[in-house]
Amino acid sequence: MSVKKQLSTRSQTVPPSVLWSIVKVHTNQRQNHRIEIWRLQFHQDLFSLLLKEKSCQTREISTVETAAQAHTSRDASVQTEQSTDALCDFQQKVQVDYAGLLSFLQRVEDAVIKELKKNWESRAFDGFEVNWTDQNATVLCLHTLSYPEAQDQNLQVTSVSWNATGSVVACSYGRLDDGDWSTEKSYVCTWNLDRRGLNPKHPDLVVDVPSSVMCLAFHPSQPSLIAGGLFSGELVVWDTSRTEDPVILRTGMTDDTHTDPVYQVNWLPDAKHRNQSRLLSVSTDGKILVWREERDGRLVLAEGFALVAQQIPRSSWLKKVACGEAAVGVTALSFSHFDPRVFVVGVEGGYSLQCCTAAVAPALHRTGGSVPLRAPAELAFSPHGGPVYSVSCSPFHRNLFLSCGTDGQVHLHSMLQTQPLISLQLSKKYLFCVRWSPVRPLVFAAASGEGEVHLFDFERSSQKPAVSMKQAAGEHPVYCLEFNVKQTHLLAAGDATGAVKVWQLSSDFTEQRPREVTHLEQLASESMD
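The text that follows walks through the structure, step by step, so that each part is easy to find. Fair warning: this is a prediction, and the values are worked out from it, not measured in the lab. (Residues numbered from 1 in each chain as written. Predicted model: local features only at pLDDT ≥ 70, side-chain atom pairs only at ≥ 80, totals over all residues. Heavy atoms only, no water.)

## Concerning the overall build of the protein
Where we set the bar: Helical segments are the DSSP runs of H or I of at least four residues, strand segments are the runs of E of at least two, and each set is numbered from the N terminus. Partly exposed describes any residue whose relative accessible area lies between the buried limit of under 20% and the exposed limit of over 50%, with all areas from a 1.4 Å probe on protein chains only and scaled to the type maximum. The contact criterion used is simple: two residues touch if any of their non-hydrogen atoms lie within 4.5 Å. Per-residue and other accessible areas were derived by the Shrake-Rupley procedure at a 1.4 Å probe size, with only the shown protein chains allowed to occlude residues.
Helix and strand counts for the protein come out as six helices and 28 strands. Per-residue burial over the protein gives 47% buried out of 529 residues. Residue pairs in contact within the protein that sit at least 24 positions apart in sequence constitute 55% of those at least 6 positions apart. Entry remark: accessible area of the protein is about 28400 Å², with carbon and sulfur atoms responsible for 49%.

## Considerations on the sheet that holds strand β27 (residues 490-495)
Put simply, the rule is: By the convention used here, strands pair only if DSSP detects at least 2 bridges between them. The axes are straight lines fitted to the C-alpha atoms, using for helices just the contacting stretch, and the angles between their N-to-C directions are given from 0 to 180°.
Pairing within the open sheet is antiparallel, and its four strands lie in the order β1-β28-β27-β26. Edge positions in the open sheet fall to β1 (140-146) and β26 (478-483), since each of these has one partner strand only. Averaged over all pairs of adjacent strands, the angle between their axes in this sheet comes to 20°, without regard to strand direction. The pairing of β1 with strand β28 (residues 499-504) spans six bridges and is classified as antiparallel. Paired with S146 across the two strands is A499, which belongs to β28.

## Here's the deal with the packing of aromatic side chains
Our working definition: Here a Phe, Tyr or Trp ring, Trp counted by its six-membered ring, pairs with any other such ring whose centre lies within 6.5 Å, and the pair is stacked when the planes are under 30 degrees apart, edge-to-face when over 60, and tilted otherwise.
Considering all chains together, one arrives at twelve aromatic pairs under this definition. Ring geometry for F432 and Y479: centres 4.8 Å apart, planes at 85°, overall edge-to-face. Remark: Y479 occurs in strand β26 and F432 occurs in strand β22 (residues 431-436); sequence separation between them is 47 residues. Y479 shares its class with F432; the two are buried. Through pairs of rings, three or more aromatic residues link up here, namely Y389, Y430, F432 and Y479.

## Re the pattern of salt bridges
Working definition: two side chains of opposite charge can pair if their charged atoms are close together. The condition that has to hold: Here, a salt bridge means any side-chain nitrogen of Lys or Arg that lies within 4 Å of a carboxyl oxygen of Asp or Glu.
The full count for this structure, using the stated rule, is 17 salt bridges. The salt bridge partner of R513 is E459, with a shortest N-O separation of 3.5 Å. Note that R513 is positioned in the loop between β28 and α6 (516-528) and E459 in the loop between β24 (452-457) and β25 (467-470), a separation of 54 residues in sequence. According to the relative accessible area criterion, R513 is partly exposed, its value standing at 23%. Classification of E459 by relative accessible area gives partly exposed; the value is 34%. Residues participating in the shared-partner salt-bridge network are R440, D457, E459, R460, D508, R513 and E516.

## Description of the nonpolar core
Using the following cut-off: Note on terminology: a nonpolar core comprises buried Ala, Val, Leu, Ile, Met, Phe, Trp, Tyr and Cys residues joined through side-chain atoms within 4.5 Å.
Of all hydrophobic cores here, the largest spans 21 residues; its most connected members are L280, I288, L307, L333, V345 and L353. Elements that contribute at least two residues to this core include exactly β11 (277-283), β12 (287-293), β14 (330-335), β15 (342-347), β16 (352-356) and β17 (377-380). Not counting the four nearest positions on each side in its chain, I288 is found in contact with L280, S281, V282, G304, F305, V330, L333, F343 and V345.

## Remarks on unusual backbone geometry
Negative phi values dominate among residues other than glycine, just as trans dominates among peptide bonds. With a phi close to 60°, N154 is a non-glycine residue in the positive phi region. With respect to the secondary-structure elements, N154 resides in the loop between α5 (148-152) and β2 (156-162). We classify N154 as exposed; its relative accessible area is 54%. In this structure, R515 is a non-glycine residue whose phi angle is positive, near 65°. Considering the arrangement of structural elements, one finds R515 in the loop between β28 and α6.

## Focus: the sheet that holds strand β23 (residues 443-448)
With antiparallel pairing, the four strands of this open sheet are ordered in space as β22-β23-β24-β25. The open sheet terminates on both sides in strands that have one partner only, identified here as β22 and β25. Here the strands of the sheet are splayed against their neighbours by 15° on average, with no regard to which way each runs. Bridge count for β24 against β25 is four bridges, and the pairing is antiparallel. Looking across to β25, one finds that H454 is bridged to S468.

## Let's talk about helix α4 (residues 98-121)
Stated formally: To estimate the expected span of a helix, subtract one from its residue number and multiply by 1.5 Å. Bend at a given residue is defined as the angle between two axes, one fitted to the seven residues that end at that position and one fitted to the seven that begin there.
In a regular helix each residue adds 1.5 Å, so 24 residues correspond to 34 Å; α4 covers 33 Å between its end C-alpha atoms and thus fits that length. Along its length, α4 shows its largest kink, about 45°, at V108. Of the residues making up α4, those classed as buried are L105, E109, V112, I113 and L116.

The following block contains the structure:
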């Protein structure tokens, strides 16, 4: 047997753990025992290397000559010009000093074990994740979705939402610039982006709605259920798997129904019934209502809150706070990701308010509803220069949240103080929506009245966006946007032209950096000092 074949044979018999394999140590109490296992395995593999000899797993390569496809042939040089005979002569001259190899490995054994133990105890790479994907430095528009019939009526995209699987995006059509009651028919449309033969101008499902739909929210675990808030003040739940009559739940017009448009709807877990959910709705009538499901297809009021100017907490330095028992219109809401009782609301007066569902004080708001309302506000933050249109609690820090409004600014707030940590002027016009990234602690997106979607990365800059994408020609406002929690490289945004654009985010915005959460905590603490 040639030296080459002997080497090949012996390398095939050595298991993958030879020399440098590591048995993971799961507890510090058994580290010494594991080290002895490493030593035993080390000696066993050396013994196998020197004494065992088995046939090679690979068979001898056979070659045949056959006719070439080309009609002519010619000789050409290759990258290595050494002949086959010379290579064989070189291989025959190779000599392996196994005794010397064994002596060397025995000399370095203790050093190897020591380094393995040191590496195991090291925390140098805590939080680091290996990325095997190619880095993509651009943000691309994958789809431009629309419903031509809604566009013909000059309807706007008022809200977008991703379903529980992340494959279906829904949008609602209505009007956000109509100051009067809207009785115009509107639509809810869905597209399955994973479906073969996707037609961007032909939704998979179109639901006709008798009133403008102002907001949407897919159920967090049931992919076919979607809730909507209407301009009329009603709440409706549709089952998109039912094409004939998709409406399965609704509030109807009762004494408990909102008297102003519903601007946000959220699904909440039902503490008493694990298999059921509740719906929360907010409106500019000042009420925050929680609805439960009844068997007859009705949504019935379970509990509620009301914001009244007289009950808003005041700070000594806040110059302008409304007085009296007037209702404070609620425009946006976001729950804490760390405490399900805590939520933040944005109001028409420009304030963001920290609230709590455990509030017991009765609200002064007079209502003829079936359930007494409570006053949830606990803290008022420094106001924007106009109404707040969107708030978003950080998924990575229990005290941080973002707000934006008609002054074109984004405020980064801590729930521990009233003044904003950072104020960013992102637009000369309104900012309609702001959302934290679900995967990058230092990244958020904002939708502007100038028709742009801004991606901001505090790791790159604390003053200007990392990327600004033009949503539509001209300056048609972008009213809404949502990150895809399941397929985190996707971001959907809807605008005043009636179009929904699905943006593919680059790896810069989807892959968490080492110690990024620590950087976010430092940002919060440094700004507060």
